[in-house]
Amino acid sequence: MAAAEPKPPAGAAAAGRLARGCWSAFWDYETPKVIVVKNRRLGVVYRAVQLLILLYFVWYVFIVQKSYQDSETGPESSVITKVKGITFSERKVWDVEEYVKPPEGGSVFSIITRIEVTPSQTLGTCPESVRVSNASCDTDEDCVAERLDMLGSGLRTGRCVPYYQGSAKTCEVWGWCPVEDGASVSQFLGKMAPNFTILIKNSIHYPKFQFSKGNIEHRKDGYLKRCTFDEVSDPYCPIFKLGFIVEQAGENFTELAHTGGVIGVIINWDCDLDLSASKCNPKYSFRRLDPKHVPASSGYNFRFAKYYKVNGSATRTLIKAYGIRIDVIVHGQGSFLCDWILLTFMNKNKVYSHKKFDKVCTPRRSSGSWPVTLALVLGQAPPPPCPCSADPGQSLAAPPPWPCPASAPSEQMADTPEQTVGPELCASEPSRQDSTLTDPRGLAQL
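Values in this document were obtained by computation on a predicted structure and should not be read as measured data.

## Remarks on the overall build of the protein
In terms of regular secondary structure, the protein is built from 11 helices and 16 strands. Counting across all 446 residues of the protein, residues that qualify as buried make up 30%. Look at the contacts in the protein between residues 6 or more apart in sequence, and 67% of them connect residues 24 or more apart. Counting every atom, the protein has about 30,000 Å² of accessible surface; 57% of that belongs to carbon and sulfur.

Structure below.
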């Protein structure tokens, strides 16, 4: 008698069943099933949620955020400025060449409104300024010879000498003498400065959208020679009076002219490029940029000198200038309709449609034809008319071949069971099936 074969372990059998089940489930086909619930309350909640989602996208995403647009920030920009006007002080008349620094006409420039002049400085020895630390002295021992103070006016000689006025003494230095504090004279240039005119010529370019525009109206009738900026009547005449700029920044002109300060002229090009170019207009705003409420860093001044010779000796005039510095700052954002909307709604929609839907054509209908069965299951073929007999026992004649026109679209969908040839009952139309299943009398007849 043959020995009984050993049975495989229970764990191996379970693993085999699991593997066969997973392999079988891998080839399953799943399709979603839609159930329509006839409930008004649930329907109201469903439609309300849909409405809220629709309002969110239409109002917030599209209207407020304009997320359907592509944008570009920081446009390429150029600024050219030109100042005109004349003023006078107690000693002389000043024109543009003297009170505008630098004279190149860039986006940052200064208009001098007050100066402190130290004339006729020559290289020699003189008392150090009392404002320099450790400059005060009583004897020569308090002054170290050949000491150079980085915040001082020159090289110390080691002598203690009387100051320019009063009884004070300071260490003597070798440098440009007299020093600034000893002989400076103040002059105010701001009497006519509020009437200075400033032309700010600005042009921007958005390379991503190939859009360019400037802030000057193109006219040939001498328009710019007689206009000044007005937001309503003359928005494309970028000629501003200095007094207007200071006023719009919320500052007092006289105080600002004495201490100096920095005023920003901000030009904002926030353009919707879906609209015409005439709707893209610059917006101007003005504000003070330096912290005027901080005494240690408020105000604005700088120094420069004019050199010449007197009797062959090098001489200079030192000028400490207080003024109003103008910074022209250009901001901008250009937005344009997104590429995906253009591709979706214009030239790509037909391509997407042809790729999404296929057309299935079968020359005849057969009980064993798997293409017909697959088309019926997927809802890609319309149901043919069913020649059902009134007598269940009567055999049905074989249906004629089913022609398929080549242009029949696959969008025609119907859920029809497989039709067979022979003495079987034929399935009715979907509407007939629904009414029969819900009708007890119909079930009784079946």
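## Thoughts on the UniProt feature "transmembrane region" (unreviewed entry) in the protein
The UniProt record marks residues 44–62 with the feature "transmembrane region" (unreviewed entry), using the residue numbering of this structure. Between the end C-alpha atoms of residues 44–62 there is a gap of 26 Å, over a span that is 100% helix and 0% strand.

## Regarding the nonpolar core
Counting residues in hydrophobic clusters, the biggest one holds 47 residues, and the most contacted among them are Tyr-99 and Leu-242. Broken down by element, this core gets its largest block of residues, six residues, from strand β13 (residues 261–272). Contacts of Leu-242, omitting those with residues within four sequence positions, involve Ile-111, Ala-193, Pro-194, Phe-196, Ile-198, Phe-253, Ile-324 and Ile-326.

## Examining the state of the cysteines
Counted by the stated rule, this structure contains five disulfides. Paired through a disulfide, Cys-137 and Cys-160 show a sulfur-sulfur distance of 2.0 Å. Disulfide Cys-137 to Cys-160: torsion about the S-S bond roughly 95 degrees, handedness right-handed. With a gap of 23 residues between them, Cys-137 in the loop between β6 (108–127) and β7 (154–162) and Cys-160 in strand β7 connect regions that are remote in the sequence. Exposure remark for Cys-137: the relative accessible area of 5% places this residue in the buried category. Disulfide pairing places Cys-227 opposite Cys-237 at an S-S distance of 2.0 Å. One quick way to see it: the torsion about the S-S bond of Cys-227 and Cys-237 is about 90 degrees, and its sign makes the bridge right-handed. Here Cys-227, found in the loop between β11 (211–214) and β12 (239–241), pairs with Cys-237, found in the loop between β11 and β12; they are 10 residues apart in sequence, far enough to count as distant.

## Remarks on the pairing of strand β8 (residues 169–177)
Consecutive residues of a regular strand have side chains that alternate between opposite faces of the sheet. Looking at chain direction, β6 and β8 are connected through six bridges and run antiparallel. The residue bridging Pro-127 from the neighbouring strand is Glu-172, located in β8. Bridge count for β7 against β8 is six bridges, and the pairing is antiparallel. Within the sheet, the bridge partner assigned to Arg-156 lies in β8 and is Val-173. Counting the residues between successive antiparallel strands, the hairpin from β7 to β8 contains six residues, one of them, Gly-166, with a positive phi of roughly 85 degrees.

## Describing a negative patch on the surface
A grouping of Asp-138, Asp-140, Glu-141 and Asp-142 is seen on the molecular surface, where their side chains present a negatively charged patch. Relative to the helices and strands, Asp-140 is located in the loop between β6 and β7. Relative accessible area serves as the criterion here: at 40%, Asp-140 is assigned to the partly exposed category.

About the thresholds
Residues numbered from 1 in each chain as written. Predicted model: local features only at pLDDT ≥ 70, side-chain atom pairs only at ≥ 80, totals over all residues. Heavy atoms only, no water. Helix = DSSP H or I, 4+ residues; strand = E, 2+ residues; numbered from the N terminus. Buried < 20%, exposed > 50% of the residue type's maximum accessible area, 1.4 Å probe, protein only. Contact = heavy atoms within 4.5 Å. Areas by Shrake-Rupley, 256 points an atom, 1.4 Å probe, with all protein chains shown as cover. UniProt positions renumbered as here; feature names shortened; annotations may be inferred. Core = buried A, V, L, I, M, F, W, Y, C linked by side-chain atoms within 4.5 Å. Disulfide = S-S within 2.5 Å. Pairing = 2+ DSSP bridges. Patch = residues over 30% accessible without salt bridge, like charges linked within 9 Å, V, L, I, M, F, W, Y side chains within 5 Å. Salt bridge = Lys/Arg side-chain N within 4 Å of Asp/Glu carboxyl O. Lys, Arg positive; Asp, Glu negative; His and termini not counted. Charge placed at Lys NZ, Arg CZ, Asp CG, Glu CD.

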